[in-house]
Amino acid sequence: MGERLRRPKKQRSRGMPTIPLCVLSLIGLGCLSGGFFLAGDAAYMDLYHAQEAPGRAFWFGTDSMGRDVFSMIWYGGRVSLEIGVLSMGISTGLGILIGAASGLAPKWLDAGLMRMTELFLSVPGLLWIVLLRGALGGADVAGLSFVIGMTGWAEIAKVVRTETRQLREKEYILAAQCMGAGFWRILWSHLAPNFMPSVLFMAVMNLRGAIGAEATLSFMGLGLPLEVVSWGSMLSLSERAMLTGSWWMIVIPGGFLVVTLLCVTEAGDWLRERGNRKKSYL
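Throughout, a residue's number is its position along its own chain's written sequence, starting from 1. For this predicted model, a pLDDT threshold of at least 70 governs which residues receive local features, and a threshold of 80 or more governs which side-chain atom pairs are given and counted, while totals over whole chains, interfaces and linings are taken from all residues. In computing side-chain values, all of the structure's heavy atoms are included and hydrogens and water are not.

S.K.: Can you explain the overall build of the chain? Please cite residues and give values.
M.R.: The secondary structure listing takes helices from DSSP runs of H or I that are at least 4 residues long and strands from runs of E that are at least 2 residues long, numbered from the N terminus. The number of helices and strands found in the chain is 12 helices and zero strands. When the elements of the chain are put in sequence order from the N terminus, they spell out α-α-α-α-α-α-α-α-α-α-α-α. The buried label goes to any residue with under 20% of its type's maximum accessible area, the exposed label to any with over 50%, and the partly exposed label to all in between, with areas taken from a 1.4 Å probe on protein chains only. For the chain, the proportion of its 282 residues judged to be buried stands at 43%. Per-residue accessibility takes into account occlusion by the displayed protein chains alone, with areas from the Shrake-Rupley method and a 1.4 Å probe. For the chain, the exposed area adds up to about 16000 Å²; of that, 64% sits on carbon and sulfur atoms.

Shown next as structure tokens:
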């Protein structure tokens, strides 16, 4: 008897990450509504209660300047998420614009835009952020968001350019051009619906990268000033916390940061798999 040929099992597609999305929603809701259920001010310094361990009076303890870590978590999370969302919007919009322009442009302009994109990709993003941070300043939320957003567009631009070059010879796009449709009309009405699933996944990854970049810059002393509370600025006090044994100043904000990044990663992976599954159906 010949050996039986086994039919390969169909891989089960990943379902919606319910738990990570619920956790991310709770963190986001807590950060947005922190001013309604927090009685204390996150920036208030009470040196008499400095570096107190978590207890009944201060659930998450206090930092070296006497600020309530519980209040700082929710106020600081709002700032970190705001930087992430603003940076994601800047990088996504810039990547879509450059990628679509490159895909529809003549060969010489397409080559020039792609050389610029490859230049950005050849240098680590953190180095670009530090360079732009030093050149443009940006010691506030808007400035830091602009600096981070300006360094995360290159990968999105390459994906959009590839999709655009595959779609620009389609009949409906040629018909739109013959009818006098401009660049913006073709982009939003005909191109964006096709490449948006891929861009959406990369935008979510840029959100994760922006939150992590803000924390890294603050830890390096290049982020927001100490009076502006964020998860990154809280972690910038980690050296003093390790010397004094104040573990809660590192573990609690670091834990919220890690959990948020993991939840965003799970949501991004689900969006990527969902987009790939739709393409395979087509």
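S.K.: Please give an account of the environment of Ile-250 that cites residues and values.
M.R.: With respect to the secondary-structure elements, Ile-250 resides in helix H12 (residues 248–281). Residue classification places Ile-250 among the partly exposed positions, given a relative accessible area of 25%. By the convention used here, residues are in contact when the closest approach between their heavy atoms is within 4.5 Å. Apart from the residues within four sequence positions on either side, Ile-250 is in contact with Leu-235, Ser-238, Ala-241, Met-242 and Gly-255.

S.K.: Outline the packing of helix H4 (residues 107–122) against helix H7 (residues 154–167), listing residues and values.
M.R.: Angles here are taken between N-to-C directions and fall from 0 to 180 degrees, while the axes themselves are lines fitted to C-alpha atoms, restricted in helices to the stretch in contact. Axis separation between H4 and H7 bottoms out at 9 Å; the angle between their running directions is 150°. Handedness of the crossing formed by H4 with H7: left-handed. For the pair H4 and H7, the contacting residues are Asp-110, Met-114, Thr-117, Glu-118, Phe-120 and Leu-121 in the first and Ala-154, Glu-155, Lys-158, Arg-161 and Arg-165 in the second. Of the residues assigned to the contact of H4 with H7, the class counts are four nonpolar, one polar and six charged. Handedness of a crossing is defined here by the sense of rotation of the near helix relative to the far one, left-handed for an anticlockwise turn of less than a right angle and right-handed for a clockwise turn. Each residue gets one label: Ala, Val, Leu, Ile, Met, Phe, Trp, Tyr, Cys and Pro are nonpolar, Asp, Glu, Lys and Arg are charged, and the others, such as Gly, are polar.

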